[in-house]
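Chain by chain, the residues run as shown.
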Amino acid sequence: MEGEYYPVADVISQRRSVRRFGPEPVARGLVRELVALACRAPAPHKSRPWRFAYVATDGAKGRLAEAMSGAWLADLEAVETPVRDVQRLISRSKEQISAAPALLVACLDYSDAKEQEDERRRSAERDMFVQSLGAALQNMLLAAVERGLAGYLKGAPLFCAPAVREALELPDGWDPAFLVLLGHPEEGFEPAPRADVEVVDVMVER
Ligand SMILES: Cc1cc2nc3c(=O)[nH]c(=O)nc-3n(C[C@H](O)[C@H](O)[C@H](O)COP(=O)(O)O)c2cc1C
């Protein structure tokens with residue numbers, strides 16, 4: 001295979017977290033297509049554990065932003081964060097949620113997880129499901145790039161799952177994990193510099 005190039009490698013290399021979007025909307029059909037492609041990911045025990053809430057209206061975005069901010073505020077105040085920082089962080093988070101042309105909450109459903117005997121194995125079982133959500137989200141981000149979109153993930157729902165569940169009235173058994181924010185990249189957007197990963201630093205041969 002040496003010397004051959006596959007488009008998927010180009011897409012992988014092009015993908016960067018894009019946090020600034022242009023005004024063009026993202027068609028609902030495209031969102032559905034990206035969800036379908038996310039669900040081609042590998043998952044444990046042949047399960048299909050991914051669930052997606054498409055936050056389609058301004059009202060739902062507003063409820064979500066309020067609920068998440070409330071939960072975050074409590075966490076920030078618990079560690080005595082300076083008021084100015086609290087205000088900056090909360091207003092930026094609300095703005096990010098409301099400005100996303102397409103917003104999804106990626107959730108996990110653990111109902112196909114196997115019962116395990118002890119905490120060590122229960123934790124490993126749970127980790128397997130979490131890993132599979134990472135695979136599904138990477139599929140989604142790559143497919144988005146291939147279609148001229150871009151976006152980023154926010155792990156905040158992991159920190160305030162009950163607030164997210166309640167704000168969106170999610171079905172029982174859906175555990176909110178990530179926000180996926182997608183849109184057309186803002187013209188002239190330059191991603192933040194990022195350190196390269198050298199294979200020699202991350203791989204050993206035995
Ligand atoms: C598990 C996970 C959680 C993340 N959470 C956030 C987040 O809360 N806010 C954010 O702006 N970016 C978040 N990101 C995006 C990372 O900041 C980004 O992937 C990283 O800086 C590398 O940049 P790149 O995606 O352009 O390669 C998250 C990424 C992952 C994989």
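Computed from a prediction, not measured in an experiment: that's the story for all the values here.

Calculation rules
Residues numbered from 1 in each chain as written. Predicted model: local features only at pLDDT ≥ 70, side-chain atom pairs only at ≥ 80, totals over all residues. Heavy atoms only, no water. Salt bridge = Lys/Arg side-chain N within 4 Å of Asp/Glu carboxyl O. Buried < 20%, exposed > 50% of the residue type's maximum accessible area, 1.4 Å probe, protein only. Near = heavy atom within 4 Å. Polar contact = N/O pair within 3.5 Å; in protein donor to acceptor, adjacent residues only side chain to side chain. Helix = DSSP H or I, 4+ residues; strand = E, 2+ residues; numbered from the N terminus. Nonpolar A, V, L, I, M, F, W, Y, C, P; charged D, E, K, R; others polar.

A. View of the pattern of salt bridges. In the structure shown here, the tally under the stated rule is 10 salt bridges. Ionic pairing is found between Glu146 and Arg147, a salt bridge with its closest N-O pair at 2.4 Å. Among the residues examined, Glu146 registers a relative accessible area of 52% and is labelled exposed. For Arg147, a relative accessible area of 31% corresponds to the partly exposed category. Through salt bridges with shared partners, a single network forms among Glu33, Glu146 and Arg147.

B. Molecular detail of the site of the ligand. Lining the immediate surroundings of the ligand are Arg15, Arg16, Ser17, Arg19, Tyr152, Leu153, Lys154, Gly155, Phe178 and Arg194. The separation between an oxygen atom of the ligand and a polar side-chain atom of Ser17 is 2.6 Å. A distance of 2.4 Å separates an oxygen atom of the ligand from a polar atom in the side chain of Arg194. Looking at the shell around the ligand element by element, the count peaks at three residues for strand β3 (residues 150–154). Across the shell around the ligand, the residue classes tally to three nonpolar, two polar and five charged.

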